[in-house]
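Fold and geometry: a report
Chain by chain, the residues:
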Amino acid sequence: MSEYSQLDRPAFVLQEAALRQNLQLISGVAEVSGVHIILALKAFAFWPAFDIFSEYLPGATASSLNEGLLVSQHFKGDVHVYGPAYVPAEMKPVLDIAHTVTYNTLSELERHRGLWEESSASVGLRYNPEYSPVTTDLYNPASATGRLGETLPNLPDEPPAGLEGLHVHVLCESSAENTETLISEIEKGVGHWLPKLKWLNLGGGHLMTREGYDLDRLKAALKGLRERHPHLLIYMEPGSAHAWQAGVLVAHVLDIVENHGIKTLMLDVSFTCHMPDTLEMPYRPVVRGASQEVLPKGVPYRLGGVSCLAGDYLETYWFEGEAEVGQTIVFEDMLHYTMVKSTMFNGVPHPDLVIERLGGALELVRRFTYEDYESRMG
């Protein structure tokens, strides 16, 4: 891999070779298990790469009209849409482009019945089984008192007329064992509905491209589900798994600040603007050439973002030598849930968008300018 020394501005770099490796693994799981695995745009919406995804996946899933339009215009495959709530004026445009549309509540399903009954879209309902292995509340979609989907006490004995699918999303970077449990919880709670439906969407969070993930266990769980319900079309829509370890964020040291013995590398990127999960989750990104653990002969530095938010920094990393102004800093695994969440707070420039093609050539796809910032405000 290139060390990206030729990049003199911040850049998100998609590594095509690593992306294709992920997609080959995922499409292999789909083929063996007989399920449809699609891309979730909420994690990765970099549409200039959709032509690559389309070689391996039959479609993509959106959480809004805008995401749905992005799929319909740039992805060669089916459009699937689930929104926590639909703006009335956007309901018909959603139905016009979607292969499946999932409603969050029974009341919303009925409110829009006149529209969806006249469309060609297959309609589903989001179900909350009140099970999730996710322990961080911010990322737990299955809270019993939450807003995402209907819990079992709210459901009638029979599916509403015209309902063809269920959508269940409770995982986040989870294991094959968690998928097994999810399937069990679905069958335990709404197993009596399944013979009367056409499809079941197991949502995202299946991190099958992570090292150590038990692929055989996942395949067995999915095969078992298909054998018990052979009439059901099974969807899965992982987001992170597709782009896992398939790209980096390249930054540079602008200055070095030292106060009371604490040295901070001031970077030309921002954690709040470009890597918000590092502050919200929080999690510690891997920095190439640095350690999150104390190195006996290492040099400790905080990493500071370029915005004026006081907390726009990460605590100490240990580098093997003294850092220098102008030095390149590479944050690993920075494609999923980064570009889609980035902001221009403070007018901080968005990093360039770059694809590292097979063979190593760097292709600049987009460079953001003042006009991009100005256009957001009027």
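Okay, so let's go over this structure. (Residues numbered from 1 in each chain as written. Predicted model: local features only at pLDDT ≥ 70, side-chain atom pairs only at ≥ 80, totals over all residues. Heavy atoms only, no water.)

1. Brief notes about the environment of asparagine 178
Inspection of the secondary structure assignment puts asparagine 178 in helix α7 (residues 176–190). Excluding its chain neighbours within four sequence positions, the residues that come into contact with asparagine 178 are Tyr131, Pro133 and Leu171. Within the structure, the side chain of asparagine 178 is placed 3.0 Å from the side chain of serine 175, a separation counted as a polar contact. (Helix = DSSP H or I, 4+ residues; strand = E, 2+ residues; numbered from the N terminus. Contact = heavy atoms within 4.5 Å. Polar contact = N/O pair within 3.5 Å; in protein donor to acceptor, adjacent residues only side chain to side chain.)

2. Considerations on helix α1 (residues 16–33)
For α1, which comprises 18 residues, the first-to-last C-alpha distance of 26 Å matches the rise-based estimate of 26 Å (1.5 Å per residue) to within 8%. For α1, every residue scored as buried is listed here: Glu16, Ala18, Leu19, Arg20, Asn22, Leu23, Ile26, Val29, Ala30 and Ser33. On the buried face of α1, the contacting elements are β1 (11–15), β2 (36–37), α2 (50–54), α8 (215–228), α9 (240–243) and β18 (352–356). Looking at the residues trailing α1, positive phi occurs at glycine 34, about 75°. (Expected span 1.5 Å × (residues − 1). Buried < 20%, exposed > 50% of the residue type's maximum accessible area, 1.4 Å probe, protein only.)

3. Section: a nonpolar patch on the surface
A cluster of nonpolar side chains, Leu279, Leu309 and Phe345, forms an exposed patch at the surface whose accessible area comes to about 230 Å². If you trace the backbone, leucine 279 turns up in helix α11 (residues 277–280). Of the residues examined, leucine 279 reaches a relative accessible area of 32% and is grouped as partly exposed. (Patch = residues over 30% accessible without salt bridge, like charges linked within 9 Å, V, L, I, M, F, W, Y side chains within 5 Å. Areas by Shrake-Rupley, 256 points an atom, 1.4 Å probe, with all protein chains shown as cover. Salt bridge = Lys/Arg side-chain N within 4 Å of Asp/Glu carboxyl O.)

4. Some remarks on the nonpolar core
Among the nonpolar cores identified, the biggest contains 98 residues, and Phe44, Leu303 and Phe331 are the most heavily contacted of them. No other element matches α1, which puts six residues into this core. Excluding its chain neighbours within four sequence positions, the residues that come into contact with phenylalanine 44 are Leu14, Leu39, Ala49, Phe50, Phe53, Ala243, Leu335, Met339 and Val340. Counting residues in each nonpolar core, the second largest holds eight residues, with Tyr4, Leu7, Ala11 and Val13 among its members. (Core = buried A, V, L, I, M, F, W, Y, C linked by side-chain atoms within 4.5 Å.)

5. Here we look at the layout of surface pockets
Approximately 170 Å³ is the volume attributed to the second largest pocket. In terms of lining, the second largest pocket is formed by Glu3, Ser5, Arg288, Gly289, Phe319, Glu320, Gly321, Glu322, Gln327, Thr328, Ile329 and Val330. Looking at the lining of the second largest pocket, the element that brings in the most residues is strand β17 (residues 328–332), giving three residues. In terms of residue class, the lining of the second largest pocket is made up of three nonpolar, five polar and four charged. (1 Å grid on protein atoms, 1.4 Å probe; cavity = no way out; pocket = protein on both sides within 12 Å on 5 of 7 lines; lining within 4 Å. Points joined across faces, edges and corners; volume = space filled by probe spheres on them. Nonpolar A, V, L, I, M, F, W, Y, C, P; charged D, E, K, R; others polar.)

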